[in-house]
Amino acid sequence: MNKFFLTVSTAAIALAIQSGAALAQSRDTIQIAGSSTVLPFASIVAEEFGNAFPEFKTPVVGSGGSSGGLRQFCGGVGENTIDIANASRRIRAAEVDACNAAGVKDIREVQIGYDGIVFATSATKGDFALEPVHVFKAIAAQVAVDGKLVDNPYKSWNEIDASLPDQPIALAIPASNHGTREVFEERVIATGAKEAGLPELSKEDHEKVLKNFRQDVVVEIAGDYTETLARLQANPDTVGVFGLSFYDQNRDTLKVATISGITPSLDTIAKGEYPVSRPLYFYVKGEHIGVVPGIAEYVEFFLSDQMAGLGGTLESAGLIPAPAEETAEVLATFQEGKALTAADLK
């Protein structure tokens, strides 16, 4: 009897997944959501794709942050689920497990190029030559003073380091739904903490110091970079955290900080010199390929020299192109139908 019910249950799950894919067939427009960093690039490709392939409808591209997009992506298979999730960080093993549990087993990873995270201020303010330790000392709820952990006493940047502007500390950083936040924490906060003279702490207490930010000077932005920009406009003392491409689009009103003496640019990121950079991705639901029209063609168009290559449309919009051989390998892996597994990420 138990074997009978197990067989029926397995068949029911398989039927549900097949039905979901069939439902997706009733939709004829590619649905994309996720990273606000990838958003402008995907929007450009979607518009160009609609012009180049009149047999397909122009894909609909939304935002919501990397984590939000991946949650939607992993919601299941079918008409009411998105086809592609944009991400400014790599998908996590736990997210792949969640996808698989919901019937999304054919996850195709597509790396599109690179981006850098920049610290920018109003163009009317002073110059910032930042080190990760400066940012940690500005943002952490607790810092080390005379070898002891105390509530953060710093009010102005020049109290942290005399070389920094005499400007009140105010930061607008991405909220936890953004892939940018993970890179910010790993490459800036964790790196800065190592140089901040923290006392000996347990692993749990050390993690709290890295994760607990000040409430008096820090604003966490759940929306896209336009909201961060609005914060800078409302309070010119604010230092905002952006993707390089967004800064490039607004460099007439913004001034970018150096990090460890390196100015962020397409060149310094492509050469690996700028320390706060990351690859950009999108994830394709393989179950929808051949069901929702145009998905495979969209991926191939996105990775074409015309769009993502050196001198392509996306480079002019701020994307740092990956080496041609790297992009060719990404495309080949996608076309071979190689699905990403949680084991690939461990």
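Look above for the structure.
Note that this is a predicted model, so its numbers are computed, not measured. (Residues numbered from 1 in each chain as written. Predicted model: local features only at pLDDT ≥ 70, side-chain atom pairs only at ≥ 80, totals over all residues. Heavy atoms only, no water.)

Caption draft 1: Inspection of the overall build of the chain at higher detail. Within the chain, the regular secondary structure consists of 15 helices and 13 strands. Here the C-alpha atoms of the chain give a radius of gyration of 22 Å, agreeing with the 20 Å that 2.2 N^0.38 yields for 346 residues. Dimensions of the chain along its principal axes, counting C-alpha atoms only, are 70 × 55 × 35 Å. Within the chain, buried positions represent 51% of all 346 residues. Partitioning the contacts of the chain with sequence separation of at least 6, the portion at a separation of at least 24 is 75%. Carbon together with sulfur atoms contributes 52% to the accessible area of the chain, which is approximately 15400 Å² in total. (Helix = DSSP H or I, 4+ residues; strand = E, 2+ residues; numbered from the N terminus. Rg over C-alpha atoms; globule rule 2.2 N^0.38 Å. Buried < 20%, exposed > 50% of the residue type's maximum accessible area, 1.4 Å probe, protein only. Contact = heavy atoms within 4.5 Å. Areas by Shrake-Rupley, 256 points an atom, 1.4 Å probe, with all protein chains shown as cover.)

Caption draft 2: Spatial organisation of the packing of helix H2 (residues 39–52) against helix H12 (residues 295–302). Running from N to C, H2 and H12 cross one another at 115°; their axes reach a closest spacing of 10 Å. The crossing of H2 and H12 is right-handed. Where H2 approaches H12, its residues Phe41, Ala42, Val45, Ala46, Glu48, Phe49 and Ala52 are matched on the opposing element by Glu297, Tyr298, Phe301 and Phe302. Here the contact of H2 with H12 is composed, by residue class, of 9 nonpolar, no polar and 2 charged. (Axes fitted to C-alpha atoms, helices over the stretch in contact; angles between N-to-C directions. Left-handed = near helix turned anticlockwise from the far one by under 90°. Nonpolar A, V, L, I, M, F, W, Y, C, P; charged D, E, K, R; others polar.)

Caption draft 3: How the structure looks around the packing of helix H5 (residues 132–139) against helix H7 (residues 179–194). The contact between H5 and H7 brings their axes to 7 Å, and the two run at 90°. Between H5 and H7, the angle falls in the class roughly perpendicular. Between H5 and H7, the contacting residues are Pro132, Val133, Val135, Phe136 and Ile139 on the first element and Phe184, Arg187, Val188, Ile189, Thr191, Gly192 and Ala193 on the second. (Parallel < 35°, antiparallel > 145°, perpendicular 65-115°, else oblique.)

Caption draft 4: How the structure looks around the pattern of salt bridges. Under the definition given, this model contains 19 salt bridges. When the shortest N-O distance is used, the salt bridge between Arg89 and Glu95 registers 2.7 Å. Summarising the burial analysis for this pair, Arg89 and Glu95 share the class buried. Glu185 is paired through a salt bridge with Arg181; the nearest N and O atoms lie 2.8 Å apart. Of this pair, Glu185 and Arg181 are both found in helix H7, 4 residues apart, which corresponds to roughly one turn of the helix. As far as burial versus exposure is concerned, Glu185 and Arg181 are alike and both buried. Three or more residues are tied together by salt bridges with common partners; here these are Arg89, Arg92, Glu95 and Glu182. (Salt bridge = Lys/Arg side-chain N within 4 Å of Asp/Glu carboxyl O.)

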